[in-house]
Amino acid sequence: MSAILSQLKSLDRRIVYGALLAAVLLFPLVVRNDYWISTLVFFGIWAILGLSLNIIVGYAGLFQLGHAAFWAVGAYTTAILNIYLKVPILVCLPISALVAAFFAIIISRPILHLRGDYLCIVTIGFGEIVRLFLYNDPFKITGGVNGLRGIARPSIFGLEINTPTAYYYYVLFFVIITILIMQRLENSRLGRAWNYVREDEMAAEAMGIDTVKVKLLAFAIGAAWAGVAGNIYASRYTVIAPETFSFWNSVVMFCIVVLGGSGSIPGVFVGTLGMILLPEVLKSVLSPILEWRLLIFGIAMVVMMIFRPEGLWPHSRYRLELRREETSS
Amino acid sequence: MGIVLQQLLNGITIGSFYALIALGYTMVYGVLKLINFAHGELFMSGSYLGLTIISILIGAGLGGEALLWALAGVFIVVMAIVAGLGVGIERVAYRPLRRAGRLPAVVSALGVSIALQNAVMLIYGPRYRVYPKGVIPAIYWQVGGIQISLLQVFVLILSLILMATLYYFIHYTRLGTAVRATALDHDVARLMGIDVDAIVRIIFIIGPALGAAGGIMVGLYYGRINFTLGWGYGLKAFTAAILGGIGNIPGAMVGGMLLGLFETLAAGFIPQGGAWKEAIVFLILILILVVRPTGLLGERVAEKV
């Protein structure tokens, strides 16, 4: 009986996901409104960023409040290679990912032994150093305050992607690829090692997990994916400036992960909906009290956390953790 | 030589602002293991409240020496209001999350920070506000080739008094001992008959009050304030707290002073150092943490789960 029920449930889930995919695929054909399509492209880029940070914060449980730096490294790598050396955007994509991962390894290797909150300030510090570097432009390649403009569009087999609808499918492709990879990662040996390190680092080490290597991989993979998002962002907007990669945006990414539910892939999308799409919607709804928008937003964040500390769409493991603590105390 | 001394003096003055704010971060962290990201905003609120009250006093015709004496009252009132705000925030936004793990509490703190910042912006407007001039007379002395202003003396002495009082309170009173016991272990402290909630309340009175005092001093010192003041100072003070070893009270004082010194020296003696001073500060922080993972005065303890 229960076997049939669970089968029904999984069938149910397949139908829901299938319907969702169909709706997402058909959206630009039905809506035909460039503003909303562009907004969803923006949403998609942020969802990829959220998923990339989710590896570091959600899976490995590391305090990372400077993720915008890796996004910046990816975007600027693409921009510099494309503008100065005319490297095609899609060739820049893996390079951006590798460069971002390289930076992640360089900066996180000496600091991984730090306790959670020390790690947090170092990541903030690294984010600020990167932003100041872009801003002050010591090597005259990042364009200083104004940033870089004139980044090319990606083209696939001679087909240039330049309309919002084309970008929609381009970004959608990456979002789906990212989800699939994250799902595989989550259930891999490495994913389980991340969970273990997050739950109890000492026990993980006692069981023979190389905690330093595992944490380093979380940083590297998360950063690489932020680099990919940077590449997509740079080619989508063709202009990048240091202010995009501020501490504030690192905070937004962090909130996306935690509000949605740490370690949960659907949670990241719910979080992105709340942090990116909701303010956009509020902008049109609340136009008479526009200045109140961020005040309400801040209060909403507090209220959300009080009533659903595990996030809006939590990972089952996190939910269990919180419930267990409630019963034991 | 004169320039170096002058920069050192300026550095210590700015450092005492950082130290006062850092104390709030470090105390909350010590007791609750929470990074109170709203603390910078409490400091900023204190600065704005001070502006309002001083403006009212000047509007009422107070000036000269009478205003100088009234300033003591301003400090006390503002510190009390901001302490109340701090206790309220703890009650509403942090206490329900005390057992929910660390990430939700951090997001809640960020939410409070955004809300406070925008509330102040709505009340006072987004532009820079000018602090009344001449509350503290512009008197300067020349000592050994360096210039010291009355304002600097005031800032240094008041910070020193506040920090010394706190140090005495934490290390030599019964209540201070209770605070330290709670920071070590909540459960054991409770077994010793300590009311942990009351201790947390005390922490959220002292921290924001010190921050508010720093806020008024920053207003008086720089002459103008903005609603985004809290982000920058908050981040630097948090850095200072980490530098000294978070959770450690003398560490926050030392960290704040050092940060102020690094910053002014970087701005003064490195070519284009002004544009890079934040980067230099963070670089020094990272280097120190590589060598001493728990900060300068932090204890070496393994993190247990």
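The rules behind each value
- In every chain, residue numbers begin from 1 and rise along the written sequence.
- Chains and ligands are labelled by the order in which they are written, letters from A for the one and numbers from 1 for the other.
- With pLDDT at 70 or above as the cut-off, local features in this predicted model cover only qualifying residues; side-chain atom pairs require 80 or more to be listed or tallied, and sums for whole chains, interfaces and linings still use all residues.
- Working definition: helices are DSSP H or I runs of at least four residues, strands are E runs of at least two. Numbering for both runs from the N terminus.
- Values of the radius of gyration come from C-alpha atoms, whereas the globule rule sets the reference at 2.2 Å times the count of residues to the power 0.38.
- Three exposure classes are used, based on other C-beta atoms lying within 10 Å of a residue's own C-beta, which is placed from the backbone: buried for 20 or more, exposed for 12 or fewer, and partly exposed in between.
- Contact between two residues is assigned whenever their backbone-derived C-beta positions fall within 7 Å.
- Side-chain classes follow a simple rule in which Ala, Val, Leu, Ile, Met, Phe, Trp, Tyr, Cys and Pro form the nonpolar group, Asp, Glu, Lys and Arg form the charged group, and the remainder, Gly included, forms the polar group.
- Here an angle of 0 to 180 degrees is reported between the N-to-C directions of two axes, which are lines fitted to C-alpha atoms, with helices fitted over the stretch in contact.
- In this scheme, a helix's expected span is set at 1.5 Å multiplied by one less than its residue total.
- Note on definitions: a nonpolar core is a set of buried residues drawn from Ala, Val, Leu, Ile, Met, Phe, Trp, Tyr and Cys, linked by C-beta atoms within 7 Å.
- Following DSSP output, two strands are said to pair if at least two bridges run between them.
- Angles are sorted into four bins: roughly parallel if under 35 degrees, roughly antiparallel if over 145, roughly perpendicular if 65 to 115, and oblique for all others.
- Here a crossing is called left-handed whenever its near helix is offset anticlockwise from the far helix by less than a right angle, and right-handed whenever the offset is clockwise.
- Scored from 0 to 100, pLDDT records how confident the predictor is in each individual residue.

Counting secondary structure elements, chain B contains 11 helices and 4 strands. In terms of overall dimensions, chain B is globule-like: its C-alpha atoms have a radius of gyration of 19 Å, near the 19 Å expected for 305 residues. Dimensions of chain B, computed from C-alpha atoms along their principal axes, come out at roughly 55 × 45 × 40 Å. The buried share among the 305 residues of chain B stands at 48%. Pairs at least 24 apart in sequence give 77% of the contacts found in chain B among residues at least 6 apart.

Let us now look at the overall build of chain A. Within chain A one finds 13 helices and 4 strands. In terms of C-alpha radius of gyration, chain A reaches 20 Å, essentially the compact-globule figure of 20 Å for 329 residues. Over its C-alpha atoms, taken along the principal directions, chain A stretches across nearly 60 × 50 × 45 Å. The buried share of chain A, taken over its 329 residues, is 45%.

Glancing now at the interface of chain A and chain B. Accessible area lost upon the coming together of the parts is a frequently used measure of interface size. The partner chain B presents 36 residues to the 39 residues of chain A that form the contact. Among the elements of the structure, helix H5 (116–136), helix H8 (201–206), helix H10 (247–260), helix H12 (293–307) and helix H13 (316–328) of chain A are those that each provide at least two residues to the side of chain A that touches chain B. The element contributing the most residues to the side of chain A that touches chain B is H5 of chain A, with 11 residues. Grouping the constituent residues of the side of chain A that touches chain B by class yields 26 nonpolar, 6 polar and 7 charged.

The next subject is the packing of helix H3 (residues 68–85) of chain A against H5 of chain A. Two measures define how a pair of helices packs: the angle their axes make with one another and the distance between the axes. Residues and elements named next belong to chain A. Contact pair H3 / H5: the axes reach a minimum separation of 8 Å and the direction vectors enclose 35°. Contacts between H3 and H5 involve Ala68, Ala69, Ala72, Val73 and Tyr76 on the former and, on the latter, Phe126, Gly127, Val130 and Leu134. Of the residues assigned to the contact of H3 with H5, the class counts are 8 nonpolar, 1 polar and no charged.

Bringing helix H8 (residues 196–222) of chain B into the picture now. Residues and elements named next belong to chain B. Over its 27 residues, H8 runs 39 Å from end to end, which matches the ideal 39 Å to within 8%, given 1.5 Å per residue. Among the 27 residues in H8, 20 count as buried, and that is most of the element. Looking one or two residues beyond H8, the residue adopting positive phi is Gly223, at roughly 85°.

Time to look at the nonpolar core. The biggest cluster of nonpolar side chains holds 190 residues, and the ones touching the most others in it are Ala100, Ala218 and Cys255 of chain A. With near-sequence residues (within four places) excluded, Ala100 of chain A lies in contact with Phe70, Val73, Gly74, Ala223, Ala224, Ala226 and Gly227 of chain A.

A word on the pairing of strand S3 (residues 146–149) of chain B. All names here are of chain B. In this sheet, S3 lies alongside strand S2 (residues 140–143) in antiparallel orientation, the contact comprising 4 bridges. Counted as the bridge partner of Tyr140 is Ser149 from S3. Taken together, S2 and the strand that follows it, S3, pair antiparallel across an intervening segment of 2 residues, in which Gly144 is found at a positive phi of about 50°.

Topologically, Phe17 of chain B is positioned in helix H1 (residues 2–32). When the C-alpha positions of Phe17 of chain B and Met217 of chain B are compared, they lie 7.7 Å apart, and in sequence the two are 200 residues distant.

Take helix H9 (residues 229–244) of chain B next. Relative to the 22 Å expected for 16 residues at 1.5 Å per residue, H9 of chain B spans 23 Å between its end C-alpha atoms, a close match to the ideal helical length. With 14 of 16 residues buried, H9 of chain B is to be regarded as a mostly interior element.

On to the packing of helix H3 (residues 64–94) of chain B against H8 of chain B. All names here are of chain B. It is at 7 Å that the axes of H3 and H8 come closest, and there the two elements cross at 135°. By the angle between their directions, the pair H3 and H8 is classed as oblique. By crossing handedness, the relation of H3 to H8 is classed as right-handed. The segment H3 lies against H8, with Val74, Phe75, Val78, Met79, Val82, Ala83, Leu85, Gly86, Val87 and Glu90 engaging Val200, Arg201, Phe204, Ile205, Gly207, Pro208, Ala209, Gly211, Ala212, Ala213 and Ile216. Its residues assigned to classes, the contact of H3 with H8 shows 16 nonpolar, 3 polar and 2 charged.

Before going further, it helps to spend a moment on the environment of Val30 of chain A. Its location among the elements puts Val30 of chain A in helix H1 (residues 2–31). Linking Val30 of chain A and Val145 of chain A, residues 115 residues apart in sequence, is a C-alpha distance of 40 Å.

In this section: the confidence of the model for chain B. Close reading of the predicted structure is inappropriate where its pLDDT is low. Overall, the prediction assigns chain B a mean pLDDT of 89, with 97% of residues at 70 or greater. Mean pLDDT across the secondary structure elements of chain B bottoms out at helix H11 (residues 273–291) of chain B, with 83, and peaks at H8 of chain B, with 95.

Before going further, it helps to examine the confidence of the model for chain A. Taken as a whole, chain A shows an average pLDDT of 87; of its residues, 92% reach a score of 70 or greater. The lowest-confidence element of chain A is H13 of chain A, averaging 60 in pLDDT; the highest-confidence one is H3 of chain A, averaging 95.

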